[in-house]
Amino acid sequence: MSTNNLSQNFLTDKVVIEKLINAIDPQIDDHMLEIGPGRGALTANLIGRVKYLSALEVDPKLSDLLRSQYSREQLGVTEGDVLKTDLSKFGEPLRIVGNLPYHISSPILFHANSYFPAIKDMHFMLQKEVVERMVASPATKTYGRLSIMLQYRWRMELLFDVAPICFSPKPKVWSSVVRLMPMVKRNNSVKNYTFFDQVVRNAFSQRRKMLRNSLRGIVPEDILVSAGIDPTLRAEDLSVDDFITLVNSTDR
Ligand code: SAM
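Since we're looking at a predicted model, the values are computed, not measured.

Conventions used here
Residues numbered from 1 in each chain as written. Predicted model: local features only at pLDDT ≥ 70, side-chain atom pairs only at ≥ 80, totals over all residues. Heavy atoms only, no water. Pairing = 2+ DSSP bridges. Helix = DSSP H or I, 4+ residues; strand = E, 2+ residues; numbered from the N terminus. Axes fitted to C-alpha atoms, helices over the stretch in contact; angles between N-to-C directions. Contact = heavy atoms within 4.5 Å. Core = buried A, V, L, I, M, F, W, Y, C linked by side-chain atoms within 4.5 Å. Buried < 20%, exposed > 50% of the residue type's maximum accessible area, 1.4 Å probe, protein only.

## Observations regarding the sheet that holds strand β5 (residues 94-99)
Turning to step 1, where the next piece is worked out: Read across the sheet, seven strands follow the order β4-β3-β2-β5-β6-β9-β7 without closing on themselves; strand pairing throughout is mixed. Two strands close off the open sheet at either side, each with one partner strand: β4 (75-79) and β7 (154-162). On average, each strand axis in the sheet is inclined to that of its neighbour by 20°, with strand direction left out of account.
Turning to step 2, where the next piece is worked out: Of the strand pairs in this sheet, strand β2 (residues 31-35) and strand β3 (residues 53-57) are connected by four bridges, and their pairing is parallel. When the bridges of β3 are listed, L33 appears paired with S54.
Turning to step 3, where the next piece is worked out: Of the strands in this sheet, β2, β5, β6 (119-127), β7 and β9 (175-182) touch helix α1 (residues 14-24), which is tilted by about 165° from β7.
Turning to step 4, where the next piece is worked out: Running over the sheet, helix α4 (residues 105-113) touches β2, β6 and β7 and is turned about 175° from β6.

## Considerations on the nonpolar core
Turning to step 1, where the next piece is worked out: By size, the foremost hydrophobic cluster in this structure holds 28 residues, and its most contacted members are L87, I96, F124, L126 and M134.
Turning to step 2, where the next piece is worked out: Secondary structure elements with two or more residues in this core: β2, β5, α4, β6, α5 (128-134), α6 (145-151), β7 and β9.
Turning to step 3, where the next piece is worked out: The greatest single-element share of this core, amounting to four residues, is contributed by β6.
Turning to step 4, where the next piece is worked out: Setting aside its immediate chain neighbours within four residues, L126 contacts L100, Y102, S105, L109, V131, M134, W174, S175, S176 and V178.
Turning to step 5, where the next piece is worked out: In this structure, Y152, V190, A203 and V247 belong to the second largest nonpolar core, which totals 27 residues.

Okay, here's the thing in structure tokens:
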């Protein structure tokens with residue numbers, strides 16, 4: 001993988017780094033994992049605030065650099081691809097932080113989402129447009145599978161925006177910092193999470209199609225009707241609760 005494929009835009013603005021660390025508010029006994037520590041802009045400010053920090057970095061040069069800067073008692077660097085890493089090995093309840101590699105931010109969010117019960121919270125710097133998709137409301141252009149699958153489990157808050165000039169090299173896009181806190185208790189939950197995932201995936205894989213067509217073969221039209229959902233609506237018209245009701249109306 002070349003450096004250019006790794007989204008290596010390093011955070012250099014000290015005010016932004018401080019704001020992000022304050023938002024994370026590290027506590028000495030936290031089990032904390034930093035994804036993509038890079039040259040250590042955040043790492044340097046987390047070390048000392050927590051007794052022990054885990055970091056996961058795919059670039060061997062950067063992993064070696066970090067290992068040369070800190071003792072093993074302070075920092076555990078795992079060299080590897082976050083998408084292929086079992087996050088449960090970093091302890092529980094886990095706090096995950098990172099200025100994420102933007103080219104794979106959605107896959108990272110879905111990967112982290114699958115460790116839901118073991119995660120205390122997450123603070124990420126992401127492309128602003130991705131954060132807008134995460135927190136989007138129904139019937140908007142940015143609302144989609146990412147919004148639903150994350151909103152089902154997390155309370156999300158866009159904390160602040162960050163300009164390209166705060167990084168080196170400068171990215172082409174604006175960034176935002178987002179906090180994800182687990183939803184302690186939902187009023188409404190799905191009986192079959194795997195099927196929920198499949199329904200949302202199918203509905204949005206053809207988001208311009210009516211639900212009766214996009215869900216053909218997995219949710220019969222009469223089930224849509226009995227769940228109180230107009231089969232001529234499109235995926236983006238349904239709230240998270242609508243999807244839950246729909247999934248629970250099936251015999252799956
Ligand atoms: N945290 C640093 C900072 O704020 O300056 C670097 C952030 S940079 C946007 C993203 C970092 O993620 C880079 O260090 C890059 O090498 C690393 N990275 C890219 N793809 C990765 C992957 N699949 N798994 C783990 N780390 C990855």
